[in-house]
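# What the coordinates show
This is what each chain is made of:
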Amino acid sequence: MKLTTLICCALLIAFGLGACLYALTGFDALLFLTAGNRTLARALLSLAGVAALWMLFWLVVFRPTKPLR
């Protein structure tokens, strides 16, 4: 479960950096990496949604911030 959480976190960071690159320069790295295939790009974006849902589940169930209180 820890490995899944680390992978999901890395995916969200990578998608966030790609979005930042697009916002600052207008270069769509995801479309570049998928060779212009919009269907594959949307499939990868749905993977980011699943990763975000996993991170939400992990935060609710395991409460990693509880020891900080």
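Look up: the structure comes first, before these words.
Note that this is a predicted model, so its numbers are computed, not measured. (Residues numbered from 1 in each chain as written. Predicted model: local features only at pLDDT ≥ 70, side-chain atom pairs only at ≥ 80, totals over all residues. Heavy atoms only, no water.)

Moving on, we get to helix 3 (residues 38–62). The terminal C-alpha atoms of helix 3 lie 36 Å apart, and with 25 residues this matches the ideal 36 Å at 1.5 Å per residue to within 8%. Buried within helix 3 we find Ala41, Ala48, Ala51 and Met55. For helix 3, the secondary structure elements touched by its buried residues are helix 1 (2–25) and helix 2 (29–33). Two to three positions downstream of the cap, the backbone nitrogen of Thr39 sits 3.2 Å from a side-chain oxygen, assigning the N-cap of helix 3 to Asn37. Immediately downstream of helix 3, the backbone of Arg63 shows phi near 45°, a positive value. (Helix = DSSP H or I, 4+ residues; strand = E, 2+ residues; numbered from the N terminus. Expected span 1.5 Å × (residues − 1). Buried < 20%, exposed > 50% of the residue type's maximum accessible area, 1.4 Å probe, protein only. Contact = heavy atoms within 4.5 Å. Polar contact = N/O pair within 3.5 Å; in protein donor to acceptor, adjacent residues only side chain to side chain.)

Where two aromatic rings form a pair, the distance of their centres and the angle of their planes describe that pair. For the structure shown, the criterion picks out two aromatic pairs. Ring geometry for Trp54 against Phe57: centres 5.3 Å apart, planes inclined by 45°, an arrangement best described as tilted. Within this pair, Trp54 and its partner Phe57 are both found in helix 3, separated by three residues, close to a single helical turn. Since its relative accessible area comes to 38%, Phe57 is described here as partly exposed. (Phe/Tyr/Trp six-rings, centres within 6.5 Å; stacked < 30°, edge-to-face > 60°.)

All right, on to the environment of Arg38 then. Position of Arg38 relative to the elements: it lies in helix 3. Spatially, the C-alpha atoms of Arg38 and Leu24 are 21 Å apart, while their sequence positions differ by 14 residues.

Approximately 250 Å³ is the volume found for the largest pocket. Broken down by secondary-structure element, the contributors of at least two residues to the lining of the largest pocket are helix 1, helix 2 and helix 3. For the lining of the largest pocket, the leading source of residues is helix 1, giving six residues. Across the lining of the largest pocket, the residue classes break down as eleven nonpolar, one polar and one charged. (1 Å grid on protein atoms, 1.4 Å probe; cavity = no way out; pocket = protein on both sides within 12 Å on 5 of 7 lines; lining within 4 Å. Points joined across faces, edges and corners; volume = space filled by probe spheres on them. Nonpolar A, V, L, I, M, F, W, Y, C, P; charged D, E, K, R; others polar.)

For an α-helix the count is 3.6 residues per turn, leaving residues at separations of three or four pointing the same way. For helix 1, which comprises 24 residues, the first-to-last C-alpha distance of 34 Å matches the rise-based estimate of 34 Å (1.5 Å per residue) to within 8%. Downstream of helix 1 by one or two residues, Gly26 has phi in the positive range, about 85°.

Attention now goes to the side chain of Thr5. Its location among the elements puts Thr5 in helix 1. The exposure class of Thr5 is buried, given its relative accessible area of 6%. The contacts of Thr5, once residues within four sequence positions are left out, are Trp54, Met55 and Trp58.

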